[in-house]
Amino acid sequence: ITIIGNLLIFMVTVHPTLRTPMYFFLRVLSFLDTSTASIVVPKMLVNFLSEDRNISYMGCATQLYCVIFLGATEWFLLAAMAYDRYVAICNPLRYAIIMNSRVCHSMVLLSFCSGNAVSVVQTAWVFTLPFCGPKKINYFFCDIPPLIMLSCTDTSLYEKQTLTATVLVIFVPFCLILVYYACITTSILKISSVEGRHKIFSTCSSHLIVVTLYCGSGSLIYLRPKARYPRDAKKFLPLIYTAITPMLNPLIYSLRNKDVKEVLIRMMAELM
């Protein structure tokens, strides 16, 4: 479902009528969602169906690096998408000049480079911890909270470092997104057309839904990696941003976006 939905979004947004920065960022988001699900879900399904649930040391490190890299990159991309909406609504006459192709590609490249830097530091640090005892994690993928629980040394310094990274990766972009949408809300209230208000609100609310899902689940997990949540809650929260949200994103953006629905219907009609 995740792959098909995001592939449809990717195909629809390359249509000539949708070649704008907003849909360019949406294509990148679909790529990140597909990659995140592909890193986590196949191994999880194998574990459900097989008695051998082992993962190698290097496999675990690789999975952790990819999950953090894709997750951090997506957060920076969501901030870039909010900025794009801010410019489109608050500075419509200068939109084409400000959000040109070079700027869009630079923002995406910066998101990937920042995500890579965060992931390299976090992965390298957690795998310098000494692991002892039965090396088993009650989790469905290699992540920071279950791994530091295996450490037989004081992890308070690492937890502080994780907290700092979480604030930089999640809360700084989240605060920027709130500022952008505060400005957008002010501009929407000045629009006299009800139809215009509804179209803008529909587009922006889709983005806010995704941001809320990511912020809620990610912050609860990484702000307090050793927090004593109920066992099932510890598994459900990361499931939201690794499997559920990547699956829901195509539905959120397509069902609430009139332009995407029109192009999708047109493409299906052409195929038939």
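The following refers to the structure shown. As the structure is a computational prediction, the values presented were derived from the model and not from experiment.

Before going further, it helps to examine the overall build of the chain. Secondary structure assignment for the chain yields 10 helices and zero strands. Ordering the α and β elements of the chain from the N terminus gives α-α-α-α-α-α-α-α-α-α. For the chain, the C-alpha radius of gyration of 20 Å lies close to 19 Å, the compact-globule estimate for 272 residues. A principal-axis box enclosing the C-alpha atoms of the chain has dimensions of 65 × 45 × 35 Å. Across the 272 residues that make up the chain, the buried fraction comes to 46%. Looking at the chain alone, contacts between residues at least 24 apart form 76% of all its contacts between residues at least 6 apart. Of the roughly 14,400 Å² of accessible surface on the chain, a fraction of 69% belongs to carbon and sulfur atoms. Side-chain charges in the chain split into 23 positive and 13 negative, and the spacing between the mean points of these groups amounts to 5 Å.

Our focus in this paragraph is the pattern of salt bridges. Following the criterion strictly, the structure yields one salt bridge and no others. A salt bridge links R85 to D84, with the nearest nitrogen and oxygen atoms 3.0 Å apart. For the pair shown, R85 and D84 are each scored as buried.

Positionally, T13 belongs in helix α1 (residues 2-13). Given the relative accessible area of 1%, T13 is considered buried. Among the polar contacts made by the side chain of T13, one reaches the main-chain carbonyl oxygen of F10 at a distance of 3.2 Å. Those residues within four positions of T13 in sequence are excluded, and the remaining contacts are L18, Y23, L26 and R27.

For the rest of this paragraph, the subject is the packing of aromatic side chains. According to the stated counting rule, one finds 12 aromatic pairs in the structure shown. Ring centres of F24 and F25 lie 5.7 Å apart, and the angle between their planes is 50 degrees; on these two criteria the pair is classed as tilted. Classification of F24 as buried rests on a relative accessible area of 17%. Taking 5.2 Å as the distance between ring centres and 80 degrees as the angle between the ring planes, the aromatic pair formed by Y57 and F127 counts as edge-to-face.

Below, the discussion takes up empty space enclosed by the protein. The final tally for this structure, using the stated rule, is three cavities of 30 Å³ or more. Around the largest cavity sit 23 residues that line it, and I68, G71, A72, V169 and Y222 are the ones nearest its centre. Put simply, the parts of the chain that give the lining of the largest cavity at least two residues each are α2 (21-49), α3 (57-90), α5 (101-126), α7 (156-189), α8 (194-222) and α9 (231-255). The leading source of residues in the lining of the largest cavity is α3, at seven residues. Residue classes in the lining of the largest cavity are distributed as 14 nonpolar, seven polar and two charged.

This paragraph deals with the layout of surface pockets. Put simply, the largest pocket is a space of about 790 Å³. Lining the largest pocket we find 25 residues, and of these R53, I55, K136, I137 and Y139 sit closest to its centre. Going through the elements one at a time, α2, α3 and α9 are the ones with two or more residues in the lining of the largest pocket. When residues of the lining of the largest pocket are assigned to their parent elements, the largest contribution, four residues, is made by α2. Of the residues assigned to the lining of the largest pocket, the class counts are 15 nonpolar, four polar and six charged.

About the criteria used
Residues numbered from 1 in each chain as written. Predicted model: local features only at pLDDT ≥ 70, side-chain atom pairs only at ≥ 80, totals over all residues. Heavy atoms only, no water. Helix = DSSP H or I, 4+ residues; strand = E, 2+ residues; numbered from the N terminus. Rg over C-alpha atoms; globule rule 2.2 N^0.38 Å. Buried < 20%, exposed > 50% of the residue type's maximum accessible area, 1.4 Å probe, protein only. Contact = heavy atoms within 4.5 Å. Areas by Shrake-Rupley, 256 points an atom, 1.4 Å probe, with all protein chains shown as cover. Lys, Arg positive; Asp, Glu negative; His and termini not counted. Charge placed at Lys NZ, Arg CZ, Asp CG, Glu CD. Salt bridge = Lys/Arg side-chain N within 4 Å of Asp/Glu carboxyl O. Polar contact = N/O pair within 3.5 Å; in protein donor to acceptor, adjacent residues only side chain to side chain. Phe/Tyr/Trp six-rings, centres within 6.5 Å; stacked < 30°, edge-to-face > 60°. 1 Å grid on protein atoms, 1.4 Å probe; cavity = no way out; pocket = protein on both sides within 12 Å on 5 of 7 lines; lining within 4 Å. Points joined across faces, edges and corners; volume = space filled by probe spheres on them. Nonpolar A, V, L, I, M, F, W, Y, C, P; charged D, E, K, R; others polar.

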